[in-house]
Amino acid sequence: TRMPIVGFVVEDETIFGALNGCIVGWALLALAPRWGHTQGVVLAIVACYSALYIFTLAGAVVAGLPPGAGFSTLAEVHSLFSAKEAVLAGWTHYIAFDLFVGRFIVADSQFVGIPHLLIALLVLPLVLLAGPAGLLCYLFLKTIWIKFSKPTTSKSQLKDL
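Bear in mind that the values here come from a model prediction, so they are computed numbers and not experimental data.

Conventions we followed
- Residues numbered from 1 in each chain as written.
- Predicted model: local features only at pLDDT ≥ 70, side-chain atom pairs only at ≥ 80, totals over all residues.
- Heavy atoms only, no water.
- Helix = DSSP H or I, 4+ residues; strand = E, 2+ residues; numbered from the N terminus.
- Expected span 1.5 Å × (residues − 1).
- 1 Å grid on protein atoms, 1.4 Å probe; cavity = no way out; pocket = protein on both sides within 12 Å on 5 of 7 lines; lining within 4 Å.
- Points joined across faces, edges and corners; volume = space filled by probe spheres on them.
- Nonpolar A, V, L, I, M, F, W, Y, C, P; charged D, E, K, R; others polar.
- Polar contact = N/O pair within 3.5 Å; in protein donor to acceptor, adjacent residues only side chain to side chain.
- Contact = heavy atoms within 4.5 Å.
- Patch = residues over 30% accessible without salt bridge, like charges linked within 9 Å, V, L, I, M, F, W, Y side chains within 5 Å.
- Areas by Shrake-Rupley, 256 points an atom, 1.4 Å probe, with all protein chains shown as cover.
- Salt bridge = Lys/Arg side-chain N within 4 Å of Asp/Glu carboxyl O.
- Buried < 20%, exposed > 50% of the residue type's maximum accessible area, 1.4 Å probe, protein only.
- Axes fitted to C-alpha atoms, helices over the stretch in contact; angles between N-to-C directions.
- Parallel < 35°, antiparallel > 145°, perpendicular 65-115°, else oblique.
- Left-handed = near helix turned anticlockwise from the far one by under 90°.
- Core = buried A, V, L, I, M, F, W, Y, C linked by side-chain atoms within 4.5 Å.
- Arc of directions from axis to C-beta.

Examining helix α5 (residues 84-112)
Note on helix geometry: an α-helix contains 3.6 residues per turn, so any two residues three or four positions apart are oriented the same way. Between the first and last C-alpha of α5 there are 42 Å, a value that for 29 residues agrees with the 42 Å anticipated at 1.5 Å per step. At the C-terminal side of α5, Gly113 shows a positive phi close to 95°.

Right, dumping it as structure tokens:
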């Protein structure tokens, strides 16, 4: 089917397939975290997907929301996500936001001095597959790391993170 995006019409499967490009960002975060362009390339991917989110959200609104759609009750949210357009917008949001969180975690873990192997093997897969669980895992790991290791930064700098 064709998904209306304000200004042009694109196959919804084409948009969905384009979201798989996020794997480039995840690969850079996992395999080349200290390359001088990793943070910038990943941010550019996030920015592109964020713009795409705005267009898919607008497309969902233009297409019309299903009867009973809303955010006040679980039934309303269920109704909202019964529309293919809303699902695509939601998936785009998920892809962009989780990649941004992964980018933050890699940068922050480098600042704190957490070995990247822990981040790449434990945290990033969790963020990719279960966003908030991965973030919580990182926050827990960071807390333990700061408490029990010799930090590469001062305690006052760490409080600001």
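Back to the text.
Focus: the layout of surface pockets
Empty space among the atoms can be located by rolling a probe the size of a water molecule over them. The volume enclosed by the largest pocket comes to roughly 240 Å³. Contributing to the lining of the largest pocket are 14 residues, with Leu57, Phe71, Leu80, Phe81 and Ala86 lying nearest its centre. Elements with a minimum of two residues in the lining of the largest pocket: α3 (38-63) and α5. A class-by-class count of the residues in the lining of the largest pocket yields eleven nonpolar, three polar and no charged.

A closer look at the side chain of Thr92
Secondary-structure assignment places Thr92 in helix α5. Reaching out from Thr92, the side chain makes a polar contact with the backbone oxygen of Leu88 at a distance of 2.8 Å. Setting aside residues no more than four positions away along its own chain, Thr92 makes contact with Leu19, Tyr49, Leu52, Tyr53 and Thr56.

Considerations on a nonpolar patch on the surface
Nonpolar side chains collect at one region of the surface, where Phe140, Ile144 and Phe148 lie side by side and expose about 360 Å² of accessible area between them. Within the secondary structure, Ile144 is located in helix α6 (residues 116-148).

Points about the pattern of salt bridges
In this structure the tally under the stated criterion is two salt bridges. One salt bridge in this structure joins Asp12 and Lys84, with 3.2 Å as the shortest N-O distance. Of the two residues, Asp12 sits in helix α1 (residues 12-18) while Lys84 sits in helix α5, which places them 72 residues apart along the sequence. Using a relative accessible area of 43% as the deciding quantity, one classes Lys84 as partly exposed. Here Lys142 makes a salt bridge to Asp108, at a shortest N to O gap of 3.0 Å. Remark: Asp108 occurs in helix α5 and Lys142 occurs in helix α6; sequence separation between them is 34 residues. Neither Lys142 nor Asp108 differs from the other in exposure class; each is buried.

Describing the packing of α3 against α5
Contact geometry of α3 with α5 gives a least axis separation of 8 Å together with a crossing angle of 160°. In this view, α3 runs roughly antiparallel relative to α5, as classed from their interaxial angle. Our pair here, α3 against α5, has a crossing hand that is left-handed. For the contact of α3 with α5, a count of residues per class yields 19 nonpolar, five polar and two charged.

Looking at the nonpolar core
As a rule of thumb, soluble globular proteins bury nonpolar side chains together. Core analysis: the largest hydrophobic core is formed by 29 residues, its most contacted members being Tyr49, Leu99, Ile119 and Val123. Listing elements by their share of this core, those giving two or more residues are α2 (22-31), α3, α5 and α6. Once residues within four sequence positions are removed from consideration, Tyr49 is found in contact with Ala18, Leu19, Asn20, Gly21, Cys22, Thr92, Ile95 and Ala96.

A few points about α2
Among the residues of α2, those classed as buried are Cys22, Gly25, Trp26, Leu28 and Leu29. When α2 is viewed along its axis, its buried side chains cluster within an angular range of 160° and face the same direction. Facing away from the buried side of α2 by more than 90 degrees, the exposed set consists of Ile23 and Leu31. Residues of α2 that are buried in the fold lie against α3, α5 and α6.

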